[in-house]
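Listed below are the residues making up each chain.
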Amino acid sequence: MDARLTFLGSGTSMGVPTLGCDCPVCTSTDPRDRRLRPSVLVQWTAPNDGRNRTVIIDTGPDFREQALKTRLKHIDAVLYTHSHADHIMGLDDLRPLSFASIRAGGPIPLYASPDTTAVLERIFDYHFSPQSTYQTRARVHIEPLAERVPVHEAEFICVPVRHGEMDIAGFRFGDAAYLTDVSEIPESSFDLLQNLTTLVLPSLRHHPHPSHATVKQAVRWAQRIGARQTWLTHIAHELGHEQTNRMLPPGIALAYDGLEVAVNL
Ligand SMILES: [Zn+2]
Ligand SMILES: [Zn+2]
């Protein structure tokens, strides 16, 4: 089934430009050096009824702006990779898209691990608490993140990865996979990443970070996994788009906000 992967944001947690910074990347005029917080959309058209389906992976602090830019009108499900602020803080902006007047089919399912669920329920207790009297609360409900998450005609397979001290989720869907915030890929997860056409890996910067991969590490993983094309995301302001792409091997490139890639579910 033909589908489309859209990068809503390719930046690290602080975004690029980074507040208060005048470095060459933060002041660059190349639009690909402007990076919102990391998130992707997966969209396809249902073969039986022709309906457009949309799954979003993470709702970061830039979700509202990203949704406006992509004219997002409908969400079938949200998948959460983990509970850090740059991946969840846009949950509140799901509200208008969740109201029954706009969305047929009931509350939006949010798929989250137990750790992520605990954080979502604490931060957004005014949506999730049974005692909440907040009138315009989001019409959403949290579903446990299973190894396989079916969403209508598609299936998302959970790919466990390490993010510093945390166990978090990446996702495989059809011939594509999206991994963000990775410091280590367990051996067992490489088995879930075979025969990929499109692979998304994180690559923060050149010098090491305790919970994020460097460019070198991402290239090593990309070459081992061997997808036809690897896109790097979760990029900090140390990496200029043009300049970094020139030094990357063929088949590996930095992603950028708005990039659309055809995938097969
Ligand atoms: Zn992050
Ligand atoms: Zn900067």
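Placed above this text is the structure.
All of these numbers come straight from a predicted model, not from anything done at the bench.

### Some details on the overall build of the protein
Piece 1. Secondary structure assignment for the protein yields 8 helices and 14 strands.
Piece 2. The 265 residues of the protein split such that 56% are buried.
Piece 3. By sequence separation, contacts in the protein at least 24 residues apart represent 64% of the contacts at least 6 residues apart.
Piece 4. Surface exposure of the protein reaches about 12,200 Å², of which carbon and sulfur atoms provide 50%.
Piece 5. Taking the 25 positively charged and 30 negatively charged side chains of the protein as two groups, their mean positions are separated by 4 Å.

### Comments concerning the coordination of the zinc ion (ligand 1)
Piece 1. The protein atoms donating to the zinc ion (ligand 1) are Asp86 (OD), His87 (NE2), Asp181 (OD) and His234 (NE2), with metal-donor distances spanning 2.1 to 2.2 Å.
Piece 2. One can describe the site at the zinc ion (ligand 1) as irregular: its 4 donor atoms subtend angles covering 91 to 162° at the metal.
Piece 3. Mapped onto the sequence, the residues coordinating the zinc ion (ligand 1) show the spacing D-H-x93-D-x52-H.
Piece 4. On the basis of relative accessibility, which here comes to 7%, the residue Asp86 falls in the buried class.
Piece 5. Using a relative accessible area of 0% as the deciding quantity, one classes His87 as buried.

### What about the coordination of the zinc ion (ligand 2)?
Piece 1. Protein-derived coordination of the zinc ion (ligand 2) comes from Cys21 (SG), Cys23 (SG), Cys26 (SG) and His237 (ND1), at a distance range of 2.0 to 2.3 Å.
Piece 2. Around the zinc ion (ligand 2) sit 4 donor atoms, and with donor-metal-donor angles ranging over 102 to 117° the site reads as tetrahedral.
Piece 3. All donor residues of the zinc ion (ligand 2) come from one chain, and their arrangement in sequence is C-x1-C-x2-C-x210-H.
Piece 4. Judged by its relative accessible area of 8%, Cys26 is buried.

### Re the side chain of Ser83
Piece 1. Along the chain, Ser83 turns up in the loop between strand 4 (77-79) and helix 2 (85-88).
Piece 2. Classification of Ser83 by relative accessible area gives buried; the value is 13%.
Piece 3. Other than its neighbours up to four places away in sequence, Ser83 contacts Ile88, Thr116, Val119 and Met166.

### Thoughts on helix 4 (residues 114-123)
Piece 1. Turning to helix 4, its buried residues are Thr116, Thr117, Val119 and Leu120. Down the axis of helix 4, the sector holding all buried residues measures 165°, keeping them to one side. Turned more than 90 degrees away from the buried face of helix 4 sit Pro114, Asp115 and Arg122, all of them exposed.
Piece 2. Turning to helix 4, the residues buried within the fold contact helix 2, strand 5 (108-112), helix 5 (125-128) and strand 6 (140-144).

### Quick look at the sheet that holds strand 1 (residues 2-9)
Piece 1. On the basis of which strands lie adjacent, the open sheet formed by 7 strands has the order 6-5-4-3-2-1-14 and mixed pairing. The two strands at the open ends of the sheet, each matched to only one other strand, are strand 6 and strand 14 (260-264). Sheet twist, expressed as the average angle between the axes of neighbouring strands with direction ignored, equals 25°.
Piece 2. In this structure, strand 2 (residues 39-45) lies alongside strand 3 (residues 52-57), joined through 6 bridges in antiparallel fashion. Note on strand 3: the bridge partner recorded for Gln43 is Thr54.
Piece 3. Running at roughly 125° to strand 5, helix 4 makes contact with strand 5 and strand 6 of the sheet.

### Digging into the pairing of strand 8 (residues 154-163)
Piece 1. Among the 10 residues in strand 8, 7 count as buried, and that is most of the element.
Piece 2. Linking two consecutive strands that pair antiparallel, namely strand 7 (residues 148-151) and strand 8, is a turn of 2 residues; a positive phi of about 50° is found at His152 within it.
Piece 3. Pairing of strand 8 with strand 9 (residues 166-173), which is carried by 7 bridges, proceeds in the antiparallel orientation. Looking at strand 9, one finds that Val161 is bridged to Ile168.
Piece 4. Once strand 8 ends, the chain turns through 2 residues before running back antiparallel as strand 9, passing Gly164 with a positive phi of about 60°.

Parameters at a glance
Residues numbered from 1 in each chain as written. Chains lettered and ligands numbered in written order. Predicted model: local features only at pLDDT ≥ 70, side-chain atom pairs only at ≥ 80, totals over all residues. Heavy atoms only, no water. Helix = DSSP H or I, 4+ residues; strand = E, 2+ residues; numbered from the N terminus. Buried < 20%, exposed > 50% of the residue type's maximum accessible area, 1.4 Å probe, protein only. Contact = heavy atoms within 4.5 Å. Areas by Shrake-Rupley, 256 points an atom, 1.4 Å probe, with all protein chains shown as cover. Lys, Arg positive; Asp, Glu negative; His and termini not counted. Charge placed at Lys NZ, Arg CZ, Asp CG, Glu CD. Donors = N, O, S within 2.8 Å, 3.2 Å for Na, K, Ca; no water. Tetrahedral: all angles 85-135°; square planar, octahedral: opposite > 155°, others 65-115°. Arc of directions from axis to C-beta. Pairing = 2+ DSSP bridges. Axes fitted to C-alpha atoms, helices over the stretch in contact; angles between N-to-C directions.

By themselves, these figures tell us nothing about what the structure is for.
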